[in-house]
Structure formats: C-alpha cells, structure tokens
Amino acid sequence: MAEATAYQVIGTRPVRPDGADKVTGRAIYGADVRMAGMLHGKVLRSPHAHARIKSIDTSKAEALPGVKAVVTHKDLPEAPDKIANLGEGAVNLKFLSNNVLAQEKALYRGHAIAAVAAVNVHVAEEAVNLIEVEYDILPSVLTAPEAMEDGAPILHDGMTTTSLGEKTDRESNVASHYRFTLGDVAEGFKQADLIIEREFDTATVHQGYIEPHNATAMWNEEGHVTIWTSTQGAFVVQKQSSEVLGIPVSQVSVIPAEIGGGFGGKIPVYLEPVAALLSRKTGQAVKLVMSRTEEFESTGPTPGSRLNVKMGATKDGRVVAAEASLAFEAGAFPGSPVGPGGMCIFSPYSFPNMQVDGYDVVVNKPKTTAYRAPGATNAAFASETIMDEFAEQLGIDPLQLRVMNGAKEGDRRVDGPTHPRIGFLETVHAALEHEHYNTPLEGPNRGRGVASGFWFNVGLQSSVVINVNSDGTVSLVEGSTDIGGTRASIAMQAAEVLGIPYESVRPTVAGTDGVGYTDVTGGSRTTFATGYAAYEAANDVVRQMKERLAERWNAETEEGATALTAEDVTYSGGVFGCSKDAGKSVSFQEMAELMPRTGGPISGRATVQPRGVGGAFATHIVDVEVDPDTGKVSILRYTAVQDVGKAIHPSYVEGQIQGGVTQGVGWALNEAYLYREDGNMSNASFLDYRMPTCLDLPMIDTVLVEVPNPGHPFGVRGVGEVPIVPPPAAVANAIYRATGQRMTDLPMSPGYVLDKMQS
Amino acid sequence: MATRIHVQTTLNGEAVEFLCDSRQSLLEVLRDDLGFTGTKEGCSNGNCGACSLQVDGVLVDSCLVLAAEVDGQAVNTIEGLASPAQLHPLQQKFLEHAALQCGICTPGFIMAAKALLEKNPKPTEHEVRYWLAGNLCRCTGYDKIVRAVLDAAETMEASA
C-alpha cells in the first residue's frame, strides 16, 4: 500500500485536458452534432398518465410537406419478455422496448407514442400534432402506498409479485419484494430501552442535468447504425439499441459526444433507437433532442418512497435493533433502486440485529433510473433522522452516538457483505474535531444538524490502451465518458506509473469501435476502475520497455556474461536502470525514441474488472435558519467530511462533494414532482421544479479524509455519489434543532415546515 | 411558410447576415443555421441561463430573443471571448478553480459573469451569487464558480 509514498502527479491539481475546449464553447456535445442532410425529429408523447392505445393514425402527419417519416412501436421488432444484463443491471427487454415507444398502453404522461422526422424541428413539431391517437383513458396511480392498495389500478396485466425469490399468483403493482436479515430484530428490540418508529415519505425528484437528452443516428445502406449521443456509457447504448432494434451489437457503433451531466439519468436509451428507426426509413441522419418538459415527464426520475423505520437503543446509546420497510416507486416499469436503498440504510453502523424489507412498486410515472447513490438518500433520510432522535432523547452528542455504533472493518452489512478497511469512524472523528462543529451556533430560529451516509460504489469493467509516441509522450485511449474531469484523473494515474509529466499523457474518450468494453461512467467507478486500467496499461508499457532494454543491453554485452532479464531492469523517476550495472541508464523519452530499433511501436493495454471496491462514507454538518413566518429554510453553513481513499485530483474530488451536497440540499428543501389528480405533472420546468441556484447556498466546505482502499493501487475510493446521501437528513435534523419539530417528509418546503411549526 | 426575414448583425465583431423565420429564436439561428454551437440550450424558456450571451452589451437568454430582433445590433457569444493567444481571464480562472465539471452551463456562466464584471468590476461574493442566480449549474454546487469569478475580477482589476 501506498500511504507513505510521495507521488509526483497524484494529489496535484492540473487543468483538465478538455478544459480549454469547454470554456470556449468549442467542445462538441450531443446536441452540437450535425451531419449533411440531417433531419430533425420530434416525439409524440402521451397526454395521459394511463391509457390503452386504441389506434394511431399517422396519415395527416405523413402528408405534411417537409415530413420524411413517422414511426410507432409497430416499427420495432417484437421484444422478448426476458431479462438481459445490459450494463445497467438486469433489464426486461420487453419493458425496455415498450418504454422507447409505447405498445399497447401509455403508462405515464410523457410516454413516447410515435416520432416524426422532418426537414426542421418546427415542421416535426407541427407533424407530431397531426398524429391522431385514440386513447381509452384508465384510472392512474401515482405513489407506492396507493399502488400497493387492494383495488388499485393495475399497470401491467398479468404481472404478479416475486416475493423473496418466489413467484406469487396475485396480480399486483408490486413487482418484487426482498428481505435482508442480520441477527434477530425481535430479540434486539427486547433489549432496547428506547424504541422509535416513524413513517417517512419522500417525493419523486429528477437528476436535473442541464443538457437535455439527444441522439443523432445514421442507418446506412449496409444496415450499419452509427449513433452520436451524450451518454454515460457508449457500450450500454450500443447493447440496449441493438436489443431494441433486433440487430447484432457489431452493427451498432456509438460515438459518445461530450456530455452535459448525467448523475445516472443518461444511462438508459430513450431517443437512440427512435432516431435509428427514423434514419432507416429516410436514409438520412436524424437528430432528436428533448425539451426540458420532456426531460421531466419522460426521463429519470429517482423514486418517491414510503419508508417505515423502527429502531431500538439501550440507555447508554447502543442501537440494538433496526428494522425498515421500504416501498419505492419504480415508475411505469419495474426496477427502482430499492435494493441499493436497503443495502445502504444501516450500513454506516454495526447494529447487531437488522432487517430490511424492500418493495419495488410500479406507478404511472416515468420509469425511474439511477440518480447519484440511487436509493441511499431516501433511506438515509429515515435512519439518520431516528439516529438524531436517539441522540437527543438519550442526551448523547449525535456524532458521539455515531462513534459508539459506527461500522469498522469486519462488521457485516445487513445485505451480507463484510466491510473491508473503511473510513467511516475517521469521518466522524474529523467532524467532531472540525472548527465548524466546535463553534457555537447563535441566534434565534437556528439549528445545527449532522448526518452520515454510505454508498458501496462499484467496479465493473474498463479497458485502456496507452500508445507511446516517439518523443516520450503517450496517448491514452479509454471508454469512460468524462462528466467531471475523469480524463484528468485517469491520465494522472498513468503519468504516475510512467514517471512522466501529466501534460505528457493525452487522454481520449473513444467510442465503441475505438476501445475495449467499458461500463458506464457511474457508480463512482471511473477514477477507481478506469484509473485502475490506466495503471495496469502503464505498467504494461513499462514491462515492455524493460524487456526491450534487457535484450538491448544483452546485445551490447561481451560474450560469456550472464544474460539480463526484464527483472534486472529497474524503473524509477522516469529512468530505466540495471540492478546489476549501475552505469546503465535510459530515460523514458530515450526509450521511446528507440522504439523503431527495438521491435517497433509500444502499446500498453489493460482490461480490468477490479473486485476490491472500497465503499464510501460521509458525515455532514449543516447550520440552518428557519424563517418563523414563512417556514423557509436557509443554509447558513455546510461542511462535508468524506473518506475519499486517495484524492487523485483534490479539486475535482471537492467538486464532486460540493455538487452532491447541493443536489442533496435541493432534494431536502425544494425539489419534487407535483402532480394533478389526473396524473399530469404540474411543474415540468426549471422555473417550477426549483433546483438550488448559487443564491441559495453558501460556500461548501469539504474535508477529504484519506483512508486508502486496499483494493486499488493508489488507494482510490469512488467519491461521486455518497455526498448526496446525508444532506436531507442533516438538514432535517438542523431544522429540528431550530424549531423543535421532526421532519418526516421531503421536500421540506416552506409550506410543509410552516405547517409542522404551527401543528 | 411566411416570408423569411433578412437580418444584418455583428457577431463577435464580424458583420454577419442571415435569413430567418419569424418564429426562430436567436439561439436556434446561432446554433442550427450559423454553426455557433458554443451557446448551449438547456431549457428554451429562460430558466437555466445556459444560452446567456450579450446583445449590444446587454446580458440575455438567447432562447427568449427572436433572431429577427438582433437586426442592426451586436451579438457577442462565448466563441468571441478568447483572443488567439490566450483565454479571457474568466475562462482561465474557471479552469484553474475547477469551476466546471460537465461544462454545459459554463459558456452561459462565463458570459453572465462577463456582463457582471463590466457593470461591477469589484463584486462581493453576495453580488456574484445574486447576479448569477439566473444560471443553473447542477454539477459544482457553485462554490468553485463563485471563487473563479471573484478571482477573475481581481485579476482583471489588477491588469486594468
């Protein structure tokens, strides 16, 4: 392990290689792609939350001058009702296909029904309005508790609950039910002196990336489809598009454009297969870009949830039992992140008895998709609120309570895995010692809250190739789309191994034809796993250079001398030497120049599937002030402490934390899908779906605790997701200290807080 | 289709003329017809600020300006900010402070900050936050953006 290692590149703060192009407007994002003769498309979307589609008449649209093609679900091949692993976990192909273009039913307001390609977007919009759809409007159901009731409208005819792995026979909106158990909660509650049980509700929220979804596709005369798109994973788009379109993966090339934010929301395909169908019909490239309304009504979101949590503690502050029942909205098709929610809810702690039941419930809302630590933020809002109540009622400092119950290496999570070396307690101690926590908060209507959070992070698969240039610089080809500076954090790891300056590594994000399989930029995996691949590929370069130098030096040596092997060649600080001959020395640059005379070009390559994923923990401190007249909550000060393993690029790590905190604050205070009775969303714009602006926040202090992950050569842990987990609970606990009222619903908007204060 | 409108304007200091439909926004003409895709589209209804640019020195959301309106006016976009030799101080400071992650909101933020510093060369943190509240960023939490703007103001003031 590398704790004491002095790094040359790692831990510095260089400017990212794509920086200049991104501050000058030169970088090409998905919506900036243009092709000769390109057509523009528009999607017709359901105005109803739940309706049977009786007929679709496209004739008037097709007759409009400038319209080149119209497609509906009839243009897609019949999708099998089977589960496939498409890089985002298991996906039912029929559901995926039906989400791209509705087949028999529209299952949510905004569900894609048909699409048009025309000479420009205005004609396409006019044409979409000429498509006549006959609907049989059905009653809709919008929340998990309602959808679980007897007699609730059923979304999927014939769908029954899979409970604890067994198929049941009753038709239901509950797609599945799981249970995690550790110890015996009933026994645990018997030991408790204080038991707190609460019900929590959290609203549906959106990822809110600023760049709308987009796709440009060209289906050429040989049946090959090329797709330009802003995506978190080119290979996922390739695989999902090939499945939906019913063509081999080799017939789909995906070229990832720069991506304007994703947060999990740019993993599934929405527009890509539709653009491809329109291109096949027209023989032209077709571009589709969503409007902001379409973004809210048809993509994302992350689930609203009903959380019932019961926890028991002894008088001296030991939590002895914790039980949770989590019901998450999946949206129109199964697949909410209720599983990850259950994996994370109690995992900062070593409670001896735990049980979690999770329910994945379909409702008439857009199919939910990942959003930064998906499921964990909902879950932590409940458990971290009850931890705060224990602290208050038992007269224990809330951070000390976390010290007393905190998880350490060797403790088991409720879902089975045992924690490896983790840094949760280190984050709590750093918070305890922080000046923020030790500065009294003064003034009326003010309160300080703390909360912790866990996200397990993922590894998955990555590929990297490093090509050595003759001047001693290298090009690095990787497949992880860069959403926040990962070109830099990956290149830095290669530069560290190669002993060359950061500026000598030129990273490029390649498409599906240009690099080996690489999973999504998500799960906080990119700097960890693709960085690992860069480390291995750089070592592959060094190994090849050592072999060549051993051979070269042998050729120079007099006959009879013992032959050198690669093991005899050392490499340090950018210079090769020989352990058996101190006089030999060749720099990386000299070796690069020698390539044509030592066997030709050198490319290092690595494909990895690293297993040593290090989980991430965070502990946050927030000060709020609550306006007693309006209930509006202002954030006065925020400090986020996080175990980051090893910060490759500290500024970019801080940025991940600050961004995660801000999204969490938005989730806590303002953001929510608001629905009318008929199932239509009433706030599908950035004006009415109120995300934090810079006027809503103070500076966000970060503390990077570095407990190296033993599963990564530099100790890296994923950092991107866990910072969104504690904020809603931390803010709720702060509001409690300010008002004396416990918050059980998200968002804690002014009206809600005021109601609580006046109750 | 209605008769197309002939517009003569100055784009980043160069005379430019184009034909547009009455319904086309300045943002659409810049991006789709003139190929100036540095100005970004995030919402098309004036709520996110990604399409911020200046018309005759005034900061606008170009999605809310009709292309026909800029006849005879000077349009300045992100593409015109850097000189051939070097980035504008705002651009440089955004890079140094890691004030962008995905970068989609960055051109809008930089153009909005430029307009601020022209009006108020020495803004306080609160003034920066107030002025930039019309621009949404979902990645950074704004901390590093505000620092970059404050630092750029100082740099520009020192070299002025």
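The structure presented is a predicted model; accordingly, all values stated were derived computationally and were not measured.

## Focus on the overall build of chain B
Then, in step 1: Helix and strand counts for chain B stand at five helices and five strands.
Then, in step 2: The linear arrangement of helices and strands in chain B, starting from the amino end, is β-β-α-β-β-β-α-α-α-α.
Then, in step 3: For 160 residues, the compact-globule formula gives about 15 Å, and the C-alpha radius of gyration of chain B, at 16 Å, lands near that figure.
Then, in step 4: Along the first, second and third principal axes, the C-alpha atoms of chain B reach 50 × 30 × 25 Å.
Then, in step 5: Out of the 160 residues belonging to chain B, those deemed buried represent 55%.
Then, in step 6: Across chain B, every contact between residues at least 6 apart in sequence was considered, and the portion connecting residues at least 24 apart equals 56%.
Then, in step 7: Of the roughly 6,400 Å² of accessible surface on chain B, 50% is carried by carbon and sulfur atoms.
Then, in step 8: Across chain B, 12 positive and 20 negative side-chain charges occur, with their mean positions spaced 7 Å apart.

## Here's the deal with the packing of aromatic side chains
Residues and elements named next belong to chain A.
Then, in step 1: Taken as a whole, this structure holds 23 aromatic pairs over all chains when the rule is applied.
Then, in step 2: Between Phe424 and Phe617, the aromatic rings sit 5.5 Å apart at their centres with planes inclined by 45°, giving tilted as the arrangement. Taken together, the residues Phe424 in helix α13 (residues 424–433) and Phe617 in strand β28 (residues 616–626) connect sequence positions 193 residues apart.
Then, in step 3: Exposure remark for Phe617: the relative accessible area of 0% places this residue in the buried category.
Then, in step 4: For the pair Tyr571 and Phe588, a centre-to-centre distance of 6.5 Å together with 50° between the ring planes defines the contact as tilted. Here Phe588 lies in helix α17 (residues 588–593) and Tyr571 lies in strand β24 (residues 569–572), a separation of 17 residues in the sequence. One exposure class covers both Tyr571 and Phe588, and it is buried.
Then, in step 5: Ring pairs connect the aromatic residues Phe346, Tyr349, Phe351, Phe424, Phe454 and Phe617, which therefore count as one cluster.
Then, in step 6: Positioned over the ring face of Trp219 is Arg280, at 4.6 Å from the centre of the ring.
Then, in step 7: The residue whose ring lies beneath Arg742 is Tyr736, and the NZ or CZ to ring-centre distance is 3.6 Å.

## Here's the deal with the sheet that holds strand β19 (residues 354–362) of chain A
Residue and element names in this part refer to chain A.
Then, in step 1: What the eight strands build is an open sheet, ordered β10-β9-β11-β19-β18-β17-β12-β31; its pairing is mixed. Among the strands making up the open sheet, the edge pair consists of β10 (166–171) and β31 (745–746).
Then, in step 2: Pairing geometry for strand β12 (residues 194–202) and β31, over two bridges, is parallel. Looking at β31, one finds that Asp201 is bridged to Asp745.

## A short note on the pattern of salt bridges
Residues and elements named next belong to chain A.
Then, in step 1: If you walk through the whole model with that rule in mind, you get 56 salt bridges over all chains.
Then, in step 2: Where Arg742 meets Asp388, a salt bridge forms, and the shortest distance between an N and an O atom there is 3.0 Å. One end of the pair, Arg742, is in the loop between α19 (727–739) and β31; the other, Asp388, is in helix α11 (residues 376–394), with 354 residues separating them in the sequence.
Then, in step 3: We classify Arg742 as buried; its relative accessible area is 7%.
Then, in step 4: On the basis of relative accessibility, which here comes to 1%, the residue Asp388 falls in the buried class.

## Comments concerning the domain arrangement of chain B
Think of interface size as the accessible area that goes away when the parts come together; that is how it is often given.
Residue and element names in this part refer to chain B.
Then, in step 1: Entries for chain B in the domain assignment read domain 1 (4–80) and domain 2 (89–159).
Then, in step 2: In this structure, domain 1 and domain 2 have C-alpha centres spaced 22 Å apart.
Then, in step 3: Domain 1 puts 14 residues into the contact, and the matching count from domain 2 is 14 residues.
Then, in step 4: Both sides of the domain 1 and domain 2 interface together cover about 1,100 Å² of buried area, and 61% of this is carbon and sulfur.
Then, in step 5: Summed over the three residues of domain 1 that lose the most area to domain 2, namely Gln54, Leu59 and Ile78, the buried surface amounts to 45% of that side.

## A few points about the interface of chain A and chain B
Then, in step 1: The partner chain B presents 49 residues to the 55 residues of chain A that form the contact.
Then, in step 2: In total, about 4,300 Å² of surface goes out of reach between chain A and chain B, with carbon and sulfur atoms giving 59% of it.
Then, in step 3: Counting every contact that joins chain A to chain B gives six salt bridges.
Then, in step 4: Across the pair B:Lys144 and A:Glu654 runs a salt bridge whose closest N-O atoms are separated by 2.6 Å.
Then, in step 5: Taken together, chain A and chain B are joined by 26 residue pairs in polar contact (both at pLDDT 80 or more).
Then, in step 6: Elements supplying a minimum of two residues to the side of chain A that touches chain B: α1 (19–23), α4 (121–128) and α18 (650–669) of chain A.
Then, in step 7: Ranked by the residues each element gives to the side of chain A that touches chain B, the list is headed by α18(A), at nine residues.
Then, in step 8: Residues that form the side of chain A that touches chain B fall into these classes: 27 nonpolar, 19 polar and nine charged.

## So, the nonpolar core
Then, in step 1: With 144 residues, the main nonpolar core has A:Met311, A:Phe346, A:Phe390, A:Ile735, A:Met748, B:Phe94 and B:Val149 as its most contacted residues.
Then, in step 2: Among all residues touching B:Phe94, those that are not within four sequence positions of it are A:Val23, B:Ala99, B:Leu100, B:Thr106, B:Phe109, B:Ile110, B:Ile145, B:Ala148 and B:Val149.
Then, in step 3: The next biggest cluster of nonpolar side chains, apart from the first, holds 51 residues, and it includes A:Met545, A:Leu564, A:Leu594 and A:Met595.

## Comments concerning the sheet that holds strand β7 (residues 112–118) of chain A
Residues and elements named next belong to chain A.
Then, in step 1: If you trace the seven strands from one edge of the open sheet to the other, you get β3-β7-β1-β16-β13-β14-β15, paired in mixed fashion. For this open sheet the edge positions go to β3 (67–72) and β15 (252–256), each flanked by a neighbour on one side alone. Across this sheet, the average inter-strand angle for adjacent strands is 25°, counted without regard to direction.
Then, in step 2: Looking at chain direction, strand β1 (residues 39–45) and strand β16 (residues 286–289) are connected through two bridges and run parallel.

## Brief notes about the domain arrangement of chain A
Residues and elements named next belong to chain A.
Then, in step 1: Segmentation of chain A into domains returns domain 1 (19–26 + 459–608), domain 2 (33–138 + 213–289) and domain 3 (305–457 + 613–758).
Then, in step 2: Relative placement of domain 2 and domain 3: their C-alpha centres are 36 Å apart.
Then, in step 3: With 17 residues of domain 2 in contact, the opposing surface of domain 3 contributes 16 residues.
Then, in step 4: When domain 2 packs against domain 3, close to 1,300 Å² is buried across both sides, 61% of that on carbon and sulfur atoms.
Then, in step 5: Inspection of the domain 2/domain 3 interface yields zero salt bridges.

Quick notes on the rules
- Residues numbered from 1 in each chain as written.
- Chains lettered and ligands numbered in written order.
- Predicted model: local features only at pLDDT ≥ 70, side-chain atom pairs only at ≥ 80, totals over all residues.
- Heavy atoms only, no water.
- Helix = DSSP H or I, 4+ residues; strand = E, 2+ residues; numbered from the N terminus.
- Rg over C-alpha atoms; globule rule 2.2 N^0.38 Å.
- Buried < 20%, exposed > 50% of the residue type's maximum accessible area, 1.4 Å probe, protein only.
- Contact = heavy atoms within 4.5 Å.
- Areas by Shrake-Rupley, 256 points an atom, 1.4 Å probe, with all protein chains shown as cover.
- Lys, Arg positive; Asp, Glu negative; His and termini not counted.
- Charge placed at Lys NZ, Arg CZ, Asp CG, Glu CD.
- Phe/Tyr/Trp six-rings, centres within 6.5 Å; stacked < 30°, edge-to-face > 60°.
- Lys NZ or Arg CZ within 6 Å of the ring centre and 35° of its normal.
- Pairing = 2+ DSSP bridges.
- Salt bridge = Lys/Arg side-chain N within 4 Å of Asp/Glu carboxyl O.
- Domains from an automatic or database assignment.
- Buried area = accessible area lost by both parts, 1.4 Å probe.
- Polar contact = N/O pair within 3.5 Å; in protein donor to acceptor, adjacent residues only side chain to side chain.
- Nonpolar A, V, L, I, M, F, W, Y, C, P; charged D, E, K, R; others polar.
- Core = buried A, V, L, I, M, F, W, Y, C linked by side-chain atoms within 4.5 Å.
- Axes fitted to C-alpha atoms, helices over the stretch in contact; angles between N-to-C directions.

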